[in-house]
Amino acid sequence: GAGVSQSPSNKVTEKGKDVELRCDPISGHTALYWYRQSLGQGLEFLIYFQGNSAPDKSGLPSDRFSAERTGGSVSTLTIQRTQQEDSAVYLCASSADGTGELFFGEGSRLTVL
Amino acid sequence: SQKIEQNSEALNIQEGKTATLTCNYTNYSPAYLQWYRQDPGRGPVFLLLIRENEKEKRKERLKVTFDTTLKQSLFHITASQPADSATYLCAPYTGGFKTIFGAGTRLFVKA
């Protein structure tokens, strides 16, 4: 597609379950970012990828969070043993070379009951 | 540590007036700064990028200034319209490939 695609758009899960969120960036974009946005809050940086490597994982809130990117394209953000405080919108963005304009997806809204 | 500050309170203005939003940063000198717009339930959308050697940049009704001495960027929307109501985010470049955003300022334009 022409833009950044994220799935699922909505996910409701029970506390303690694992969830996987997927991001399909714009074709050819080398940089990919994950952010978290809690209700009424700003964007919290989680992790970025340059190609398949993640030079900066400093934003991941805990070791329950992990992310990978394969083939320089699709990325998956995995949250293990979800907690209620993980409820938020998870936004993915990509950019051509890691500098300048970011293109965002519409986000995956996660609700942990 | 690097810090980005935007007006935390919402800005309410009358249609037709100029809206001015502020972005302040401390403890670093960004080579460029970006502004984004975010509508409720949507991802942010890029608006403008201004580099450190540019004092001002314009795009249609938008104007951005970048004062590296004051460590501040101002974002102006002239002849504002209700459709301009949104949250506006600034993102001063923090180095490497990591893009960090300010908390954003909500703008409400009343008809």
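Residues numbered from 1 in each chain as written. Chains lettered and ligands numbered in written order. Predicted model: local features only at pLDDT ≥ 70, side-chain atom pairs only at ≥ 80, totals over all residues. Heavy atoms only, no water.

**Q** Sorry if this is basic, but what is going on with the pairing of strand S6 (residues 56-59) of chain B here?
**A** All names here are of chain B. In terms of strand pairing, S6 meets strand S7 (residues 62-67) through 4 bridges, oriented antiparallel. Residue pairing across strands places Glu 56 opposite Thr 65, the latter belonging to S7. The loop that links S6 with its antiparallel partner S7 comprises 2 residues; one of these, Glu 60, has a positive phi angle of about 55°. (Pairing = 2+ DSSP bridges. Helix = DSSP H or I, 4+ residues; strand = E, 2+ residues; numbered from the N terminus.)

**Q** Sorry if this is basic, but what is going on with the layout of surface pockets here?
**A** Empty space among the atoms becomes visible once a probe the size of a water molecule is rolled across them. There is about 650 Å³ of room inside the largest pocket. Forming the boundary of the largest pocket are 31 residues, of which Gln 37, Ser 38, Leu 39, Gly 40 and Gln 41 of chain A lie nearest the centre. Elements supplying a minimum of two residues to the lining of the largest pocket: strand S9 (88-95) and strand S11 (108-112) of chain A together with strand S9 (86-92) and strand S10 (105-110) of chain B. Of the residues assigned to the lining of the largest pocket, the class counts are 10 nonpolar, 15 polar and 6 charged. (1 Å grid on protein atoms, 1.4 Å probe; cavity = no way out; pocket = protein on both sides within 12 Å on 5 of 7 lines; lining within 4 Å. Points joined across faces, edges and corners; volume = space filled by probe spheres on them. Nonpolar A, V, L, I, M, F, W, Y, C, P; charged D, E, K, R; others polar.)

**Q** Honestly, the sheet that holds strand S1 (residues 3-6) of chain B in this entry has me stumped. Any pointers?
**A** All names here are of chain B. The sheet built from 5 strands is open, its strands ordered S1-S3-S8-S7-S6 with antiparallel pairing. Each of the sheet's edge strands pairs with one partner strand only, and the pair in question is S1 and S6. Here the average twist between neighbouring strands, direction ignored, is 15°. Bridge count between S1 and strand S3 (residues 19-26): 4 bridges; the pairing is antiparallel. Opposite Glu 5, over in S3, you have Asn 24 as the bridge partner. (Axes fitted to C-alpha atoms, helices over the stretch in contact; angles between N-to-C directions.)

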